[in-house]
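Examining the three-dimensional arrangement
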Amino acid sequence: MTTFGATIPSQLRARAPQSRDADLVGRAGARAAVRLLIWLALWATVLRNIGASVGTWAAGSLGVCVTFLVAVVIPMWLFVVFPSWLAFRFAAPRGMRRLALAACWMSPLVRLRDLPSIAAFLDVVADRPGTLSGFPTQLPVDAWTALAAALQADRRRSFALAARIVDALAHLPTGARFPWLARVHGVEALVISAFERRDWPATTRYARLGQGRLIALLALVARATRGEEAPPSSLWTRWLAAPLRRTTLPLVRALAWRGRTAPASADPAAPPHATVHARHVAMLEAAARHEEIRSEDVMALAAAWQPAIDDAALAATHARALGLGVRDGAARAQALREQVLDELALLLVRAQGEQPRAPAHPFAETLARRARETEVARIKALLAAFDADRVGPSLHPLAAWERWLALRAAWERAEQSVGRAALATLWRTGVRDRLWGYCCAVSHVHGAHAAWAAHAMFDWLADRAEYVGDMVAVLANRENARIAQSLAR
Amino acid sequence: MIDADDADDFENLLRERLANPFLVLAVAPAAAIAEIERQGQRLLAELAAGLEGARRYATPFGPRERTPELVRSAIAELRDPARRLAHEWWARGLGPSSSVAA
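Values in this document were obtained by computation on a predicted structure and should not be read as measured data.

1. A word on the confidence of the model for chain B
Should the pLDDT be low somewhere, the predicted coordinates at that spot are not to be read in detail. In the predicted model, chain B carries a mean pLDDT of 86, and 86% of its residues have values of at least 70. Reported for the predicted complex are a pTM of 0.77 and an ipTM of 0.88.

Written out as structure tokens, the structure is:
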């Protein structure tokens, strides 16, 4: 299997996706032409009426600037910006779904093919039951549906899935579409969701993806709340420029006041923890709250644990076990050490940053080995779901993409600790063919509906192949990514 | 990057650590079993009476909700010496002195 299309199931060859895509392109072209004609007719009428009424009323008394404003700037604003403003700032927040979609249809900033995805996104924003759960077969996977899935995951407290989607959107391959409106309004909904539950790390993480005045304000508020520097003048300027001023005023006022009265300190509410047990639980809490954990912090914690779980400490625990009348006290004490090491390894797997190459203390090697084993086992377990023969129309491309995101996360984490040689072995003995076949199958079964996701998946496969030195896979997957990208346009 | 299974694991581990029977019952790790039983019964009576103070217990990470089921489970855990050994070991590190006010 070296080229795109090598895994087309025989039952799907009878009606190739390309022919279906050609039909779709033809129909879409006709719809786009009708849309363009309606735009031209409508906006020509509006422009004529503005010109006629203002011209008659002013009777040649207007200056150059006012004429330019009335004849060029306002019509341009009405044509380019107003429809999307109407859709996302007026209609969608008031639950007027049809008006929002009609306004999107009128907006030159929205592609016709994005409308079903925007409709799905608006349904998720409005919390309509059943949205995305049934995965309508005609719904493509693109930036809008990905953001809808992230928002839904965030609201359902599936923060890991939301984080994976956001990470994938932040690292899209060159040329992958991420419309400006999605960056502004799609990401804004996601940022607001995290902001409303006062999840400042998630707010900051999501905000990195987007653009817009409200996103900039909420990102600054989140940073200021976490103790980073935020000058009151910046806060007030961004607040003035952003929408939702009444909602954000109390928080901005409090932060600006704090900024004036006292220098920001890093997380002043968090008490320092005196014992290693408390530090350990604090790190578990940070992991449970999806905060970033650094590998060096986990290693420092492991070093701090050492005197508490070394042989002398275990002997003391054994003595206490005898005092309590516990049978097999030595094994019980040893089990406590194993439990701590297992939890530290779990934390290390979850941590960001490369693991130290040279072990600083005796536990470090044990921990690093356990973390590596956990990561490889996780990749192997995830790989079981990537069966090309089971990819059929019932597996929605969005679900297929989310499945790939889990493997991508596990693999990229393994890259930080497992090492190139071990990953190369893993790649050649199972990952490459299985994942490659899966991506080809998804692409062929769903065609243009999965092209955006397929582009990202093939590009990632090519990058991974390059990392492990598999040049055949690099070339083939770069070509696959190029074909998928052209389908997604 | 965060993994869904990880997050669930960490939440379960955190809940397990903060539901340490010694924290739930607010007794010292060295407390005798009779004292533990007495404290458990007192807390159950207070919870049944709806006393506000009994509904929460202190942990180094802020107060947590205390329920009759949690109290009964804590007493049962501490009756088993092997389980008590593990809870005692964690409780010695998570007691009142484990966090220092800022």
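2. Let's talk about the layout of surface pockets
Residue and element names in this part refer to chain A. In this model, the second largest pocket occupies a volume close to 860 Å³. Along its surface, the second largest pocket is lined by 33 residues, and A28, R31, L112, R113 and D114 are the ones closest to its centre. Elements that contribute at least two residues to the lining of the second largest pocket include exactly α2 (17-58), α6 (115-125), α7 (143-155), α21 (451-468) and α22 (471-488). Per-element accounting of the lining of the second largest pocket gives the leading share, eleven residues, to α2. Along the lines of polarity and charge, the residues of the lining of the second largest pocket split into 20 nonpolar, three polar and ten charged.

3. Observations concerning the environment of E291 of chain A
Residue and element names in this part refer to chain A. Structurally, E291 can be placed in the loop between α14 (276-288) and α15 (295-309). Sequence-wise, E291 and H185 are 106 residues apart; in three dimensions their C-alpha atoms are separated by 25 Å. Leave out the neighbours within four places in its chain, and E291 touches P201, A286 and R350.

4. Some points on the confidence of the model for chain A
Residue and element names in this part refer to chain A. In this model, chain A carries a mean pLDDT of 84, and residues with pLDDT of at least 70 account for 89%. Taken together, the stretch residues 1-18 has pLDDT below 50 and engages in 28 contacts with residues farther than four places along the chain or on a different chain. Note on residues 263-270: pLDDT under 50 across the span, and seven contacts to partners over four residues away in sequence or across chains.

5. What about the interface of chain B and chain A?
You'll often see interface size given as the accessible area lost when the parts meet. Taken together, the contact between chain B and chain A spans 34 residues of the former and 43 residues of the latter. Of the roughly 3,600 Å² buried at the junction of chain B and chain A (both faces included), carbon and sulfur atoms supply 67%. In this assembly, chain B and chain A are joined by two salt bridges. As a salt-bridge pair, R17 of chain B and E343 of chain A come within 2.3 Å of each other at their nearest N and O atoms.

6. Quick word on the nonpolar core
Counting 111 residues, the largest nonpolar core has W401, L435 and W452 of chain A as the members making the most contacts within it. The element that contributes the greatest number of residues to this core is helix α20 (residues 420-446) of chain A, accounting for 13 residues. Leaving out residues up to four positions away in the same chain, W401 of chain A has contacts with V141, A146, I165, A168, W452, A453 and M457 of chain A. Core analysis: the next-biggest nonpolar cluster, separate from the first, contains 54 residues, I309, V340 and A364 of chain A together with F61 of chain B among them.

7. Looking at empty space enclosed by the protein
Residues and elements named next belong to chain A. Throughout the structure, instances matching the rule amount to three cavities of 30 Å³ or more. Computed from the structure, the largest cavity encloses a volume of approximately 60 Å³. Every residue along the wall of the largest cavity is listed here: A92, G95, M96, R97, L122, V125, A126 and R128. Per-class residue counts for the lining of the largest cavity are five nonpolar, one polar and two charged. In this model, the second largest cavity occupies a volume close to 50 Å³. If you trace the second largest cavity, you find it lined by G175, A176, R177, A451, W452, H455, Q485, A488 and R489.

8. Topic: the packing of α15 of chain A against helix α16 (residues 311-324) of chain A
Residues and elements named next belong to chain A. The contact between α15 and α16 brings their axes to 5 Å, and the two run at 45 degrees. The angle between the axes of α15 and α16 places the two elements in the oblique class. Residues P307, A308 and I309 of α15 form the contact with α16, whose own contacting residues are D311, A313 and L314. Here the contact of α15 with α16 is built from residues that sort into five nonpolar, no polar and one charged.

9. Regarding the pattern of salt bridges
All names here are of chain A. Inspection of every chain in the model, using the stated rule, returns 34 salt bridges over all chains. With a shortest N-O distance of 2.5 Å, R97 and D123 are connected by a salt bridge. Here R97 is found in helix α5 (residues 97-106), whereas its partner D123 is found in helix α6, with 26 residues between them in sequence. For R97, a relative accessible area of 27% translates into the label partly exposed. Between D459 and R478 there is a salt bridge; the shortest N-O distance is 3.5 Å. Residue D459 is located in helix α21, and its partner R478 is located in helix α22; the two are separated by 19 residues in the primary sequence. Residues joined by salt bridges that share partners form a network here, namely D167, R408, E412, E415 and R464.

About the criteria used
- Residues numbered from 1 in each chain as written.
- Chains lettered and ligands numbered in written order.
- Predicted model: local features only at pLDDT ≥ 70, side-chain atom pairs only at ≥ 80, totals over all residues.
- Heavy atoms only, no water.
- pLDDT = per-residue confidence, 0-100.
- 1 Å grid on protein atoms, 1.4 Å probe; cavity = no way out; pocket = protein on both sides within 12 Å on 5 of 7 lines; lining within 4 Å.
- Points joined across faces, edges and corners; volume = space filled by probe spheres on them.
- Helix = DSSP H or I, 4+ residues; strand = E, 2+ residues; numbered from the N terminus.
- Nonpolar A, V, L, I, M, F, W, Y, C, P; charged D, E, K, R; others polar.
- Contact = heavy atoms within 4.5 Å.
- Buried area = accessible area lost by both parts, 1.4 Å probe.
- Salt bridge = Lys/Arg side-chain N within 4 Å of Asp/Glu carboxyl O.
- Core = buried A, V, L, I, M, F, W, Y, C linked by side-chain atoms within 4.5 Å.
- Buried < 20%, exposed > 50% of the residue type's maximum accessible area, 1.4 Å probe, protein only.
- Axes fitted to C-alpha atoms, helices over the stretch in contact; angles between N-to-C directions.
- Parallel < 35°, antiparallel > 145°, perpendicular 65-115°, else oblique.

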